[in-house]
Amino acid sequence: MLIEKTTLVSHSFKRSALKNKETDAESDFTTTTSRSCSYPLEETERRTFKTKEGKAITAHQWAVYDFVRTIPVGKVTTYKVVCSALGAGSPRSVGTALRNNPFAPFVPCHRVIASTGYIGGFFGEWNSPTNHAQRKQVQRKIELLNQEGVEFTDKGYLMGGKEIIWQETN
DNA sequence: GCCATGGCTAGTA
DNA sequence: GCCATGGCTAGTA
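Residues numbered from 1 in each chain as written. Chains lettered and ligands numbered in written order. Predicted model: local features only at pLDDT ≥ 70, side-chain atom pairs only at ≥ 80, totals over all residues. Heavy atoms only, no water.

In the nomenclature of an unreviewed UniProt entry, chain A is known as Methylated-DNA--protein-cysteine methyltransferase of Clathrus columnatus. The UniProt entry for chain A carries the following comment under Sequence similarities (unreviewed entry): "Belongs to the MGMT family." (UniProt positions renumbered as here; feature names shortened; annotations may be inferred.)

Trainee: Before we go on, may I ask you to explain the pattern of salt bridges in this structure?
Mentor: For the structure on display, the rule yields 4 salt bridges. Glu43 is the salt-bridge partner of Arg47, the closest N and O atoms lying 3.8 Å from each other. Of this pair, Arg47 and Glu43 both sit in helix α3 (residues 43–48), 4 residues apart, roughly one helical turn. Residue classification places Glu43 among the partly exposed residues on the basis of a relative accessible area of 47%. (Salt bridge = Lys/Arg side-chain N within 4 Å of Asp/Glu carboxyl O. Helix = DSSP H or I, 4+ residues; strand = E, 2+ residues; numbered from the N terminus. Buried < 20%, exposed > 50% of the residue type's maximum accessible area, 1.4 Å probe, protein only.)

Trainee: What should I look at first to understand unusual backbone geometry in this one?
Mentor: Across the junction of Ala104 and Pro105, the peptide omega takes the value -5°, indicating a cis bond. Relative to the helices and strands, Pro105 is located in the loop between α6 (91–99) and β4 (112–113). Of note in the backbone geometry, Phe123 takes a positive phi value of approximately 45° without being a glycine. Relative to the assigned elements, Phe123 resides in the loop between β5 (121–122) and β6 (125–126). Overall, the relative accessible area of 22% leaves Phe123 in the partly exposed class.

Trainee: I keep staring at the protein's contact with DNA strand C and nothing clicks. Help me out?
Mentor: Every residue close to DNA strand C is listed here: Lys55, Thr58, His60, Gln61, Gly89, Ser90, Arg92 and Ser93. In the interface set of DNA strand C, defined as its atoms within 4 Å of the protein, sugar plus phosphate atoms amount to 88%. At a separation of 3.4 Å, a phosphate oxygen of DNA strand C approaches a polar side-chain atom of His60. Measuring from a phosphate oxygen of DNA strand C, one finds a backbone N or O atom of Gln61 at 3.5 Å. Among the elements of the structure, α4 (59–69) and α6 are those that each provide at least two residues to the surface near DNA strand C. A per-class count over the surface near DNA strand C returns no nonpolar, 6 polar and 2 charged. (Near = heavy atom within 4 Å. Polar contact = N/O pair within 3.5 Å; in protein donor to acceptor, adjacent residues only side chain to side chain. Nonpolar A, V, L, I, M, F, W, Y, C, P; charged D, E, K, R; others polar.)

Right, here's the structure in full:
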């Protein structure tokens, strides 16, 4: 079989969050979470893969997803670590790949933060560290990480030591 | 091809 | 400054 079949475990989202009017991205995310997801591993499958918007995924994006998949629960990594580990791309190209991640949360893009320890962005939203106005998606990213035991300050910075930053390739 | 656009970062101040 | 994408031409066939 060319495809790794994976049934995603439903996260226990807070009812209050689900009750609120959901943005498109949010409802997509929720739907994806409760469904099973096929993550193609074979080159041929990957070349023909189309997102539900009909878009293809580039080789670089697949490489980013493969790496991000290996980040364990309870850890995070940074955009910089990802591109260094790949030996290609830039922190920005990693961010671009992740904002379009069609495999969330199987590919746990919420576990990638800025190298300063700042929470960074989520599905196209970005909180400025200098003016930390909470955006809804980013709030959600923090909630997801909290559920995994990773905590952030009220200014949006990672709490705890460097050991929380995942560096390995598996 | 060209050019603008980012979920960034290193290096100043 | 970085560099992969994506939208758009221009130029070929």
